[in-house]
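Structural overview
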Amino acid sequence: MKVKVYALPFLNGDAIDEMGFMEVPEGATLRYVYKKLQVPLLLRPILLCSVNYEKARMDQVLQDGDVISFFFPISGG
Amino acid sequence: MKGYTGKILFVNLTTGHIEERTIPDQVYEMLLSGVGLGAYVLYNEIPAGADPLGPDNVLGFTSGLLTGTGSLMTGRWMVVCKSPLTGGWGDANCGGYFAPAIKQCGYDGIFFTGIAEKPVYLLVNNKGPQLKDASHVWGKDATESEEILIAENTVKKKPAVAVIGTAGEKVSLIAGVCHDRGRIAARSGVGAVMGSKRLKAVVLAGSKPIKCHDPQAVKEISQAFAGKVRKQNLPGIVKGGFLPVMGKVMGSMKRVAPLDGMLFASLMKKWGTPMSNGMSATSGDTPIKNWAGSVKDYNRSYYSKINADHVIKREYRKYHCYSCVVGCGGVCNISDIGQGKFTHTHKPEYETCAVFGPLLMNRNLESIFYINELLNRAGMDSISAGHAVAFAMECYEKGLITREDTGGLELTWGNAGAIIKLVEMMIAREGFGDVLADGVKAAARKLGRGTDKYAIHAGGQEPGAHDSRFDPMMGVHYSVDPTPGRHTIGASQYYNMTRLWEKVSWAPAVKIYPKDEEYMATDREALKSVAGACYKQIVDGIGGCLFAQITGVQHWQAFEWLNAATGWNKTPDEYMLIGKRMQTLRQLFNIKHGIDPRTFKMHRRMAGDPPLKEGPLKGRQVPIDAMMKLHWKHFGWDENTGVPLPETVQELGLDQLLQKG
């Protein structure tokens, strides 16, 4: 199944395709995505991550089509 | 029943003649409404070489095609004219509540030509349009005038008003058109054109329904968008002090990722655009000290004083524009500033904070609040005004002007008292203020003495407060857009968040990439900038908000809304062709009026010539000439001159459309 991942610049995006999707196995949790992205352990407590725009836990089981977003503000106008 | 009315109002202020005109469906299908409709009318109506401040110029107010259809964040209205600032195409847009009011009067646009003998305003209600005497409000500021005109013209419904302040009356070339006590369509000198026509205001009190093809389908898309925005709320632990830290990280980042634009809504809901005050200062996004400094100059002891939390501390009410679910605006208490001259002001936008803060090395936030209200009431563009003051300060520093020129003002960097005084003088066109009141290009011309070296502009218009050395694509748009110097057309950051590649076949897809790629003149970067410009035209044709746009096409579904509202069932690629046509028409307007697009290239300092010696942008240079050429080439314009090629004009069907016009 596929989930959509909005990664951060300092993460490993190799597992994400051009449309922003990542292939994950059935029953995969958010932890699996963190592992694929190689999120540094030190950063984990301060990174804000949501699944379908709701707060998410690392052991949350993902569903096909879920949207995983990392928070990292950029400037506006 | 396609979201538009198919009619415009045309007012000749010289003769007083008012007529209703029908616009063929084909025009909307080819150019949408908003800026596209404006371009169609102005291209056909304004004779080549017309004086922007003369009777032949046409000033138009247009609504977006999606405005009032039930779609969200599509309530921006446009002012269009030939710009006295650049000599070419001029437009500016604004939020608030004026856009639906145009349609509720039964029109997609209201256009003015000629010059009135004495000050007038146009009133349109359900009985029809009429020109009325405006002598009693001429000379009053925009806010006071608006309140008087609303009180005079409220019957059942409170009217929506677009009005000039004293800056427009005095034909300051950096004057805008105001609305709702402090919103302003500020750019291109549109207020000067309105003032030159002695048109004080447009007062709209119609209540006609706005109909579209499939309101239920529009509503369903809106509900999905609103549902996502509703969930965007920052955790309490995220404070304003966090923003400059994030800026620092961004400024040092060697790679860029396309982020989820929807998360941007959470920042906008909490702080509005001042969220960038600290973040952009540290990242390199904010130009500092007239584009010659860096965060090493405007260091923590400065930027911490203008941080977003300090701004919203004064906010006592949130402000939403029509059909907005974010609400980035606010109203702030300023009764303790300036001896209580004003009680409140609209929350100053990032642009205002940046050009009256870091650009001038000013850390006095109270002065920025005060200047914000001064400019809003005068109806003067804060971006241009701030750059004019920065220009004067650098000239003063370099000894090109002295206290003799400035009327005794000591224009040293960060001198808040002198900044306020100078702004008041600009508004009143008094003494040295009169020199600056028409923007930096005109000021340098008046002063001579080599001051043009410090006049930061593109094609006569001062740039937005986003550094092109931080986001080179921003610099491309500063230099190639028919309204140069605009920060709202395109940038890498906008492109990455808008995610056009998810729906548009030819828009290059973006994954995580090295930041250095942005500094290379490549076909891929050019295609991205072309796609951004085409989509922005669509946004300006439907009345869309930039902050909605950058949540991404997967969330703010402009293409789908358009199909639901019109029944056209076009593909995103077909809509992008409309965007390309709109942009090409705006460029053709400039060519018709004798503009050489090459002269719109931004000031060399903005391209890193010479490069900055410190800060996050240290050594950064933008190959702007090569980037402009590639952008033009991929637009189907002559890559050496920027003139649209005959085959492009033909392919876009503009030859036919304009001949018919």
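Cut-off values and rules
Numbers given for residues are sequential positions, taken from 1 along each chain in its written order. By the order in which they are written, chains take letters starting at A while ligands take numbers starting at 1. Confidence filtering applies because this is a predicted model: local features only for residues at pLDDT of at least 70, side-chain atom pairs given and counted only at 80 or more, and all residues used for totals across whole chains, interfaces and linings. Here a strand is any run of E in DSSP of at least two residues, a helix any run of H or I of at least four, and the numbering for each starts at the N terminus. Our radius of gyration is a C-alpha quantity, and the globule rule it is checked against amounts to 2.2 Å times the number of residues to the power 0.38. Throughout, a residue-residue contact means that the two C-beta atoms, derived from backbone geometry, are no farther apart than 7 Å. Here, a strand pair is defined by DSSP locating no fewer than two bridges between the strands. A fitted line through C-alpha atoms serves as each axis, taken over the contacting stretch for helices, and the angle formed by two N-to-C directions is quoted from 0 to 180°. Here exposure depends only on C-beta density: within 10 Å of a residue's C-beta, 20 or more other C-beta atoms make it buried, 12 or fewer make it exposed, and intermediate numbers make it partly exposed, the C-beta atoms being placed from the backbone. Residues are grouped as follows: Ala, Val, Leu, Ile, Met, Phe, Trp, Tyr, Cys and Pro are nonpolar; Asp, Glu, Lys and Arg are charged; every other residue, Gly included, is polar. Predictor confidence is given residue by residue as pLDDT, running from a minimum of 0 to a maximum of 100. A set of buried residues drawn from Ala, Val, Leu, Ile, Met, Phe, Trp, Tyr and Cys, joined through C-beta atoms within 7 Å, is what defines a nonpolar core.

1. A closer look at the overall build of chain A
When its secondary structure is counted, chain A shows one helix and five strands. The N-to-C order of helical and strand elements in chain A reads β-β-α-β-β-β. Its C-alpha radius of gyration of 12 Å places chain A within 12% of the 11 Å reference for a compact globule of 77 residues. Over its C-alpha atoms, taken along the principal directions, chain A stretches across nearly 40 × 25 × 25 Å. Residue pairs at least 24 apart in sequence account for 52% of intrachain contacts in chain A once pairs closer than 6 positions are excluded.

2. Focus: the sheet that holds strand β14 (residues 315-319) of chain B
Residue and element names in this part refer to chain B. With respect to topology, three strands assemble into an open sheet ordered β14-β15-β16, the strand pairing being antiparallel. The sheet is open, and its two edges are formed by β14 and β16 (344-346), each paired on a single side. Averaged over all pairs of adjacent strands, the angle between strand axes in this sheet comes to 20 degrees, irrespective of strand direction. In this structure, β14 lies alongside strand β15 (residues 329-333), joined through four bridges in antiparallel fashion.

3. Some details on helix α19 (residues 440-447) of chain B
Residue and element names in this part refer to chain B. Burial of α19 is extensive: six of the eight residues sit out of reach of the surface. Within α19, burial applies to Val 440, Lys 441, Ala 442, Ala 443, Ala 444 and Leu 447. For α19, the secondary structure elements touched by its buried residues are α15 (382-397) and α18 (431-436). Positive phi appears at Gly 448, one or two residues downstream of α19, with a value of about 65 degrees.

4. Quick look at the interface of chain B and chain A
Taken together, the 37 residues of chain B in the interface contact 19 residues of chain A. Taken together, the elements giving at least two residues each to the side of chain B that touches chain A come down to α8 (242-252), β13 (255-256), α9 (264-271), α10 (276-283), α13 (350-355) and α23 (546-549) of chain B. Take the side of chain B that touches chain A: its biggest share by element is four residues, from α10 of chain B. Counted by class, the side of chain B that touches chain A contains 19 nonpolar, 10 polar and eight charged residues.

5. So, the confidence of the model for chain B
Averaged over chain B, the pLDDT score is 97; the fraction of residues at 70 or greater is 100%. This complex was scored by the predictor with a pTM of 0.97 and an ipTM of 0.89.

6. Describing the nonpolar core
The nonpolar side chains of a soluble globular protein tend to be buried with one another. Residue and element names in this part refer to chain B. Judged by nonpolar contacts, the single largest core of 244 residues is most densely connected at Leu 31, Ala 392 and Val 423. The greatest single-element share of this core, amounting to 10 residues, is contributed by α15. Look past the residues within four positions of Leu 31 in its chain and what remains in contact with it is Gly 36, Leu 37, Ala 39, Tyr 40, Gly 541, Ile 578, Arg 581, Met 582 and Leu 585.

7. With respect to the sheet that holds strand β5 (residues 67-71) of chain A
Residue and element names in this part refer to chain A. Here we have five strands laid out as an open sheet, ordered β2-β1-β5-β3-β4, and mixed in their pairing. With partners counted over all chains shown, the strands left at the sheet margins are β2 (21-23) and β4 (54-55), one partner each. Inspection of the sheet shows strand β1 (residues 2-6) paired to β5 by three bridges, in the parallel sense. Paired with Tyr 6 across the two strands is Ser 69, which belongs to β5.

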